[in-house]
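Spelled out from the first residue to the last, the chains are:
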Amino acid sequence: SSSNLSAGRCFLLRPPHSRCRRPRSLRASASLEQEVKERADSPSPSAGTSSQATRRDVRNIAIVAHVDHGKTTLVDSMLRQSKVFRDNQVVQERIMDSNDLERERGITILSKNTSITYKGTKINIIDTPGHSDFGGEVERVLNMVEGILLVVDSVEGPMPQTRFVLKKALEFGHAVVVVVNKVDRPIARPEFVVNSTFELFIELNATDEQCDFQTVYAIGLKGKAGISADNLADDLGPLFEAILRCIPEPRIEKDGALQMLVTSTEYDEHKGRIAIGRLHAGELKRGMEVKVCTPDDACRIGKIGELFVYENFGRVPVESVSAGDICAVCGINDIMIGETIADKVSGTALPTIKIEEPTVRMSFSINTSPFVGKEGKFVTSRNLRDRLYRELERNLAMKVEDGETADTFLVSGRGTLHLTILIENMRREGYEFMIGPPKVINKTVNGKLLEPYEIAAIEVPEEYMGSVVELLGKRRGQMLDMEASGPEGTSLLKYKVPTRGLIGLRNAILTASRGRAILNTIFDSYGPWAGDISSRDQGSLVAFEGGSTTSYACVNAQERGILFVKPGQDIYKGQIVGIHQRPGDLALNVCKKKAATNVRSNKETTVVLDEPLSYSLDDCIEYIQEDELVEVTPESIRMSKNPKISKKKNN
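Definitions and limits used
- Residues numbered from 1 in each chain as written.
- Predicted model: local features only at pLDDT ≥ 70, side-chain atom pairs only at ≥ 80, totals over all residues.
- Heavy atoms only, no water.
- Helix = DSSP H or I, 4+ residues; strand = E, 2+ residues; numbered from the N terminus.
- Buried < 20%, exposed > 50% of the residue type's maximum accessible area, 1.4 Å probe, protein only.
- Contact = heavy atoms within 4.5 Å.
- Areas by Shrake-Rupley, 256 points an atom, 1.4 Å probe, with all protein chains shown as cover.
- Pairing = 2+ DSSP bridges.
- Axes fitted to C-alpha atoms, helices over the stretch in contact; angles between N-to-C directions.
- Parallel < 35°, antiparallel > 145°, perpendicular 65-115°, else oblique.
- Left-handed = near helix turned anticlockwise from the far one by under 90°.
- Nonpolar A, V, L, I, M, F, W, Y, C, P; charged D, E, K, R; others polar.
- pLDDT = per-residue confidence, 0-100.
- Core = buried A, V, L, I, M, F, W, Y, C linked by side-chain atoms within 4.5 Å.
- Phe/Tyr/Trp six-rings, centres within 6.5 Å; stacked < 30°, edge-to-face > 60°.
- Expected span 1.5 Å × (residues − 1).

Caption draft 1: How the structure looks around the overall build of the protein chain. Secondary structure assignment for the protein chain yields 17 helices and 37 strands. Across the 651 residues of the protein chain, 53% fall into the buried class. A separation of at least 24 residues holds for 71% of the contacts in the protein chain among residues at least 6 apart in sequence. Of the roughly 30300 Å² of accessible surface on the protein chain, 48% is carried by carbon and sulfur atoms.

Below, the structure is given as structure tokens:
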């Protein structure tokens, strides 16, 4: 009933001049029919004279949220409760995170499709990444759907990535269902979260209809949902009902000319390239000839080999697909993201996908260390070039350019994590290469130098706030807001910081707060150049002789700083073997052996060595400076001085 639905709504006391929330009630069937009629009567930009209609048996939704707010876990529960799996089937956690790297890091990197059936209606679900570095994945899939589930943590509330994905969805005009997740947390504050989300809608200039969003409270891990935070059902029924009620049915041109925008591609060893997208108009049949149109109106003829739709947790072959559904197409091996599969006779291209520009650039070059070729299979510049340009076919937010030399390539992305995931995938595929330090991409407008700025949100215990504020001040950060956060004694700081200042900041903040601070960032805008920023106060310990490290040499070396190497490890001249305790680099020999002469034949002293510092790929990329490189191989990650820059300094 309508009274039950509105019971859990949050009414805001706002000034008279401000827009107020209206409680949403169940729409009457008459108003629904009127809405469908109005939509059917409205003209479509690509329809011409073809009739507009809606498909009542399909809903297309994307699940978007900030990282770790529970998107993928919620999808798991939705799949389980729609009987996708057998009762006795063993299902791993976060089943949508199928990539090894995703499971190891506990994050979603690639958008993925699945579908469930509820009360005779097929619900196509797209699980999206939560990190801002993978925002291109979110932008790419939003034009496949009519609405989104905005998942918000019941303690943290709207975070930087929540703002980004909501802004994009509102620009598309999508309907939004807000899911306040993890309401069983001891310090949950659902009313505050709903109010904060509503204020975010108003900040982003949402329409009155969009501000009147439906709120569903849920515990994704247990598979429970409800219209009131205090009265949850035993299943996700209220969430499914909200999807059917609040997410519009797909508007289609059933009799119009065929149009399908390719928003994603996959590769299969047997089927070749698979194009994934939503069918906007017409009907697609297996074996039919189509026209593939590019945004610049260049067209070519192709043939549909196989046709699939998403059912439950897999792709199911079909003979035909009607407009409004999401499908996968095989047989056109040269198809690219952003192209349109159209009618062979009268088809035209749909508007292409627009992605925000990258903000960070890194140089990739062939491995020039003495250990080249010992661990990897692909070591030449041709191998490296082919792999990087192949990445562009799927990763729209990335750009690759040729560098100053034939064996160097400049790769641009949305952040260091975006590029680090590419590097990690390449080393697992058997590539060996070297990468330079990340650099921000600046712009010059009207003769003024502009650089990218990001909004940083830091949750930190109050006793460490002074150290964190000092760190951000050194990196040209401007404080925007400071407020008490959910847990007692925790504060939420919001800063506007140059992207340059964020490189290496995460480790520094974790050290300053003893690992208790949480840093989240999102791109904001380009602003005036902030001036010089010093990111590292200490120099490096550099080996001036190659060989195998010894305990005797390491004991003396560890007095100069913290080592990265342990005894018995092979190193080469110019490799970075530790962090110097003072500014400036120090060259030393960690391969020196103790001379075995009669004079020194006294009793051996016990050698006590400190545990060497183990740096991950992310840590190494944040650590290196202008004259340093990271050597990446399938089994090792090393850092070294850049010999080209060292020669220039000596000359």
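Once the structure has been displayed, the description carries forward.
Caption draft 2: Layout of the sheet that holds strand β30 (residues 540-543). Strand order in this open sheet of 4 strands is β32-β34-β30-β35, and the pairing throughout is mixed. Bordering the open sheet on either side are β32 (561-563) and β35 (586-588), each of which pairs with just one other strand. Going from strand to strand, the sheet's axes swing by 30° on average, the running direction of each strand aside. Sheet analysis places β30 next to strand β34 (residues 576-580), joined by 3 bridges and oriented antiparallel. Along β34, the bridge assignment pairs V542 with I576.

Caption draft 3: How the structure looks around the packing of helix α10 (residues 381-392) against helix α11 (residues 416-428). It is at 12 Å that the axes of α10 and α11 come closest, and there the two elements cross at 130°. Accordingly, the angle class assigned to the pair α10 and α11 is oblique. Taken as a pair, α10 and α11 cross one another with a handedness that is right-handed. For the pair α10 and α11, the contacting residues are L384, R387, L388 and E391 in the first and L422, N425 and M426 in the second. Residues belonging to the contact of α10 with α11 are distributed by class as follows: 4 nonpolar, 1 polar and 2 charged.

Caption draft 4: View of the confidence of the model for the protein chain. Of the residues in the protein chain, 84% reach a pLDDT of 70 or more, and the chain-wide mean stands at 79. Strand β23 (residues 433-435) holds the highest mean pLDDT among the elements of the protein chain, 93, whereas helix α1 (residues 2-7) holds the lowest, 37. Counted against residues more than four places away or in other chains, residues 1-50, with its pLDDT under 50, gives 76 contacts.

Caption draft 5: Structural context of the nonpolar core. Core analysis: the largest hydrophobic core is formed by 41 residues, its most contacted members being I148, L150, L166, V176, V178 and F201. In terms of residue count, helix α7 (residues 190-203) provides more of this core than any other element does, 6 residues in total. Within the second largest apolar cluster, 28 residues are counted, among which are I125, A218, F240 and A242.

Caption draft 6: Helix α3 (residues 71-81), seen in detail. Across the 11 residues that make up α3, a large majority, 8, are buried. What α3 keeps buried is the set K71, T72, L74, V75, D76, S77, M78 and L79.

Caption draft 7: Main features of the pairing of strand β20 (residues 360-366). Where burial is concerned, most of β20 is hidden: 5 out of the 7 residues are buried. Bridging between β20 and strand β22 (residues 408-413) involves 6 bridges; their strand directions are antiparallel. Bridge pairing in β22 links M362 to V411. Summarising the sheet, β20 and strand β24 (residues 439-440) pair through 2 bridges and their orientation is antiparallel. Across the sheet, residue V360 finds its bridge partner in β24, namely V440. Relative to β23, β20 runs antiparallel, the two being bridged by 3 bridges.

Caption draft 8: Spatial organisation of the sheet that holds strand β16 (residues 314-317). With antiparallel pairing, the 8 strands of this open sheet are ordered in space as β14-β13-β19-β10-β11-β18-β15-β16. What marks the edges here is a single partner per strand, and that holds for β14 (299-303) and β16. Along the sheet, successive strands turn relative to each other by an average axial angle of 40°, direction set aside. Inspection of the sheet shows strand β13 (residues 289-293) paired to β14 by 5 bridges, in the antiparallel sense. Bridge pairing in β14 links V290 to G302.

Caption draft 9: Molecular detail of the packing of aromatic side chains. Scanning the model with the defined rule gives 10 aromatic pairs in all. When the centroid spacing of 5.9 Å and the interplanar angle of 65° are considered together, the rings of F523 and Y526 count as edge-to-face. Residue classification places F523 among the partly exposed positions, given a relative accessible area of 29%. According to the relative accessible area criterion, Y526 is partly exposed, its value standing at 22%. With centroids separated by 5.1 Å and ring planes inclined at 40°, the aromatic side chains of F564 and Y615 adopt a geometry described as tilted.

Caption draft 10: The arrangement of helix α6 (residues 160-172) in detail. The terminal C-alpha atoms of α6 lie 19 Å apart, and with 13 residues this matches the ideal 18 Å at 1.5 Å per residue to within 8%. Within α6, the full set of buried residues consists of P160, Q161, T162, F164, V165, L166, K168, A169 and L170. Of the residues trailing α6, G173 is marked for its positive phi of about 80°.

Caption draft 11: Up close: the pairing of strand β7 (residues 214-219). When you tally the buried positions in β7, you get 6 out of 6 residues, the bulk of the element. Here β7 shows no split at all, with Q214, V216 and A218 on one side and T215, Y217 and I219 on the other all buried. Judged from the 4 bridges that link them, strand β6 (residues 175-181) and β7 form a sheet pairing that is parallel. When the bridges of β7 are listed, V177 appears paired with Q214. In the sheet, β7 pairs with strand β8 (residues 224-226) via 3 bridges, with the strands oriented antiparallel. Within the sheet, the bridge partner assigned to A218 lies in β8 and is A225. Remark: 4 residues form the turn of the hairpin made by β7 and β8, two consecutive strands paired antiparallel; G223 in that turn has positive phi of roughly 70°.

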